[in-house]
Amino acid sequence: MGGLQPWHWVIVIAVFVLLFGAKKLPDAARSLGKSMRIFKSEIKEMQSDSAASSAEAPPAKPIASERVEAPAPEQSPDRHTA
């Protein structure tokens, strides 16, 4: 029930040939293959960049709402203001 039967594939192929013509199908398949190769190489590059940057990345700084504020410096007793 869930899978396509061989005669379904024949109908799909016939529709593609009628819509695009026999001359354009090889060019379309070639450009699709080229696009997939470019996409795969970009994904691999992003993964290698991500792995390299995570190994070299400094520890993350907390966002402003999570920062612990340092206490205000107290004035030393030897300074007197008049």
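Per an unreviewed UniProt entry, the protein chain is named Sec-independent protein translocase protein TatA, and its organism is Mycolicibacterium neworleansense. Quoted verbatim from the Sequence similarities (unreviewed entry) field of UniProt, the annotation for the protein chain is "Belongs to the TatA/E family." Listed under Subunit (unreviewed entry) in UniProt, the entry text for the protein chain is "The Tat system comprises two distinct complexes: a TatABC complex, containing multiple copies of TatA, TatB and TatC subunits, and a separate TatA complex, containing only TatA subunits. Substrates initially bind to the TatABC complex, which probably triggers association of the separate TatA complex to form the active translocon."

Engineer: How should I be thinking about the pattern of salt bridges in this particular structure?
Structural biologist: When the charged atoms of two side chains with opposite charge come close together, those side chains can pair. A full pass over the atoms with the stated rule returns one salt bridge. Between Asp27 and Arg30 there is a salt bridge, with the nearest N and O atoms lying 2.8 Å from each other. With Asp27 and Arg30 both in helix H2 (residues 24-56) and three residues apart, this pair spans about one turn of that helix. The class for Arg30 is exposed, based on a relative accessible area of 54%.

Engineer: Got a minute to help me understand a nonpolar patch on the surface in this structure?
Structural biologist: A contiguous nonpolar patch, built from Leu4, Trp7, Trp9, Ile11, Val12, Ile13, Val15, Phe16, Val17, Leu19 and Phe20 and spanning about 1,100 Å² of accessible area, is present on the exposed surface. Of note, Val17 is situated in helix H1 (residues 6-20). Classification of Val17 as partly exposed rests on a relative accessible area of 35%.

Parameters and conventions
- Residues numbered from 1 in each chain as written.
- Predicted model: local features only at pLDDT ≥ 70, side-chain atom pairs only at ≥ 80, totals over all residues.
- Heavy atoms only, no water.
- UniProt positions renumbered as here; feature names shortened; annotations may be inferred.
- Salt bridge = Lys/Arg side-chain N within 4 Å of Asp/Glu carboxyl O.
- Helix = DSSP H or I, 4+ residues; strand = E, 2+ residues; numbered from the N terminus.
- Buried < 20%, exposed > 50% of the residue type's maximum accessible area, 1.4 Å probe, protein only.
- Patch = residues over 30% accessible without salt bridge, like charges linked within 9 Å, V, L, I, M, F, W, Y side chains within 5 Å.
- Areas by Shrake-Rupley, 256 points an atom, 1.4 Å probe, with all protein chains shown as cover.

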